[in-house]
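# Topology and contacts: notes
Okay, here's what each chain looks like letter by letter:
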Amino acid sequence: MKNTIAILCAGAASVMMLATSCSKDPKKPGLEYMPDMYRSPSYEVYSANPNFSDSLTMQHPVDGTVPRNYTFFHYPATNEGYEAAGRDVKNPLVLNKENLAEGKRQYEIFCVHCHGSTGQGDGSIVAIGKFPPPPSYSKGNSSRGGLMKDLTDGKIFHTITYGINLMGAHAAQIAPEDRWRIVMYIHQLQNDGASPIGSDSTTATATKDSSKVTALAK
Ligand code: HEC
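Residues numbered from 1 in each chain as written. Predicted model: local features only at pLDDT ≥ 70, side-chain atom pairs only at ≥ 80, totals over all residues.

## Some thoughts on the site of the ligand
Among the 21 residues in the neighbourhood of the ligand, the closest are listed as Cys111, Cys114, Ser142, Ser143 and Met167. Listed by contribution, the elements that provide at least two residues to the shell around the ligand are α4 (112-115), α6 (153-162) and α7 (176-190). No other element matches α6, which puts four residues into the shell around the ligand. Considering only residue class, the shell around the ligand consists of 13 nonpolar, six polar and two charged. (Near = placed C-beta within 6 Å. Helix = DSSP H or I, 4+ residues; strand = E, 2+ residues; numbered from the N terminus. Nonpolar A, V, L, I, M, F, W, Y, C, P; charged D, E, K, R; others polar.)

See below:
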């Protein structure tokens, strides 16, 4: 008898819970078991925040602060900046197989659809007629004067960083080290795909450590 009453009570309790936990309004969660598990009491990154005068939860960095390991590129997005970078800036990374292979990989993510796999300006969006062909790295002319195959480290890095005309800036998508790896690979495409590393090159065995960026400019 005791057991039957207990079972009846438990049954009634679960029916009540079911009835109250469901809500007709699809925007209301109904009864929640331990709501803290669903809803964190902390503010969401992009939610409004009454504790700050600008109502932002994710505050801007303090003026003048620089992220750790940030590397500067002190050349403005102007023709003068491009020429100066082309003159003064050298690739700070060691030319080795790893860096070159990573440059190729990054190129195939960020550049290939316009510039094409061999750098002839015949990428997929050009092939379907949606985009005017960029100049060939090995045979074309730069719109800023000179031959594409003569573009230097600094000019290519400047172009990836700031873009030019129809080509957008890639500074936000590609870290400086990876931009330099891509620069290495562009040199290979300027040379019709001939690898700048001989098969028995000593640089090819350079240690990983030496591939770290020490200085980007000057
Ligand atoms: C949306 C298509 C597009 C993408 C993506 C793109 N480019 Fe370009 N790129 C162009 C066009 C178009 C030009 C020619 C711009 C001009 O001179 O008016 C160009 C020009 C260049 C030049 C020559 C600049 C000069 O000094 O004349 C270089 C170098 C270059 N791109 C490298 C890259 C690299 C490296 C990537 C990938 C990180 C890349 N581009 C991604 C379209 C693109």
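## A short note on helix α3 (residues 97-110)
Its 14 residues place the ends of α3 20 Å apart at the C-alpha level, agreeing with the 20 Å of an ideal helix rising 1.5 Å per residue. Of the surrounding elements, those touching the buried residues of α3 are α4 and α7. (Expected span 1.5 Å × (residues − 1). Contact = placed C-beta atoms within 7 Å.)

## Concerning α6
Among the ten residues of α6, ten are classified as buried, and the element is accordingly described as predominantly covered. Looking only at α6, the buried set comprises Asp153, Gly154, Lys155, Ile156, Phe157, His158, Thr159, Ile160, Thr161 and Tyr162. Packed against the buried residues of α6 are α2 (79-88) and α7. (Buried ≥ 20, exposed ≤ 12 C-beta atoms within 10 Å, placed from the backbone.)

## Looking at the environment of Ile164
Within the secondary structure layout, Ile164 lies in the loop between α6 and α7. Placed 21 residues apart in sequence, Ile164 and Ser143 show a C-alpha to C-alpha distance of 9.3 Å.

## Points about unusual backbone geometry
Of note, Asn69 is a non-glycine position whose phi angle comes to about 65°, a positive value. By secondary structure assignment, the location of Asn69 is in the loop between α1 (2-21) and α2. Taking the number of C-beta atoms within 10 Å as the measure of exposure, Asn69 has 8 and is therefore exposed. One non-glycine residue, Asp192, lies in positive phi territory at about 55°. The class of Asp192 is partly exposed, set by 14 C-beta atoms lying within 10 Å.

## Some points on the nonpolar core
Ranked by internal contacts, the top residues of the largest apolar core, which has 21 residues, are Ile156, Phe157, Ile182, Val183, Tyr185 and Ile186. Those elements that place two or more of their residues in this core are α2, α3, α6 and α7. Per-element accounting of this core gives the leading share, seven residues, to α7. Residue contacts for Tyr185: discarding those within four places in its chain leaves Leu100, Gly103, Lys104 and Tyr107. (Core = buried A, V, L, I, M, F, W, Y, C linked by C-beta atoms within 7 Å.)

## A look at the environment of Ile160
Tracing the backbone shows Ile160 in helix α6. Judged by the 25 C-beta atoms lying within 10 Å of it, Ile160 falls in the buried class. Remark: the alpha-carbon pair of Ile160 and His170, spanning ten residues in sequence, is separated by 5.5 Å. For Ile160, the contacting residues outside a window of four places in its chain are His170, Ile174, Arg179 and Ile182.

## Comments concerning the confidence of the model for the chain
With 82% of its residues at a pLDDT of 70 or more, the chain shows a mean pLDDT of 86. Here residues 200-218 scores under 50 on pLDDT; set against residues more than four positions off or in separate chains, the count is 33 contacts. (pLDDT = per-residue confidence, 0-100.)

## A few points about the packing of α3 against α7
Contact pair α3 / α7: the axes reach a minimum separation of 7 Å and the direction vectors enclose 95°. It follows from the interaxial angle that α3 and α7 lie roughly perpendicular. Seen from α3, the contacting residues are Asn99, Leu100, Glu102, Gly103, Lys104, Gln106 and Tyr107; seen from α7, they are Asp178, Arg181, Ile182, Met184 and Tyr185. (Axes fitted to C-alpha atoms, helices over the stretch in contact; angles between N-to-C directions. Parallel < 35°, antiparallel > 145°, perpendicular 65-115°, else oblique.)

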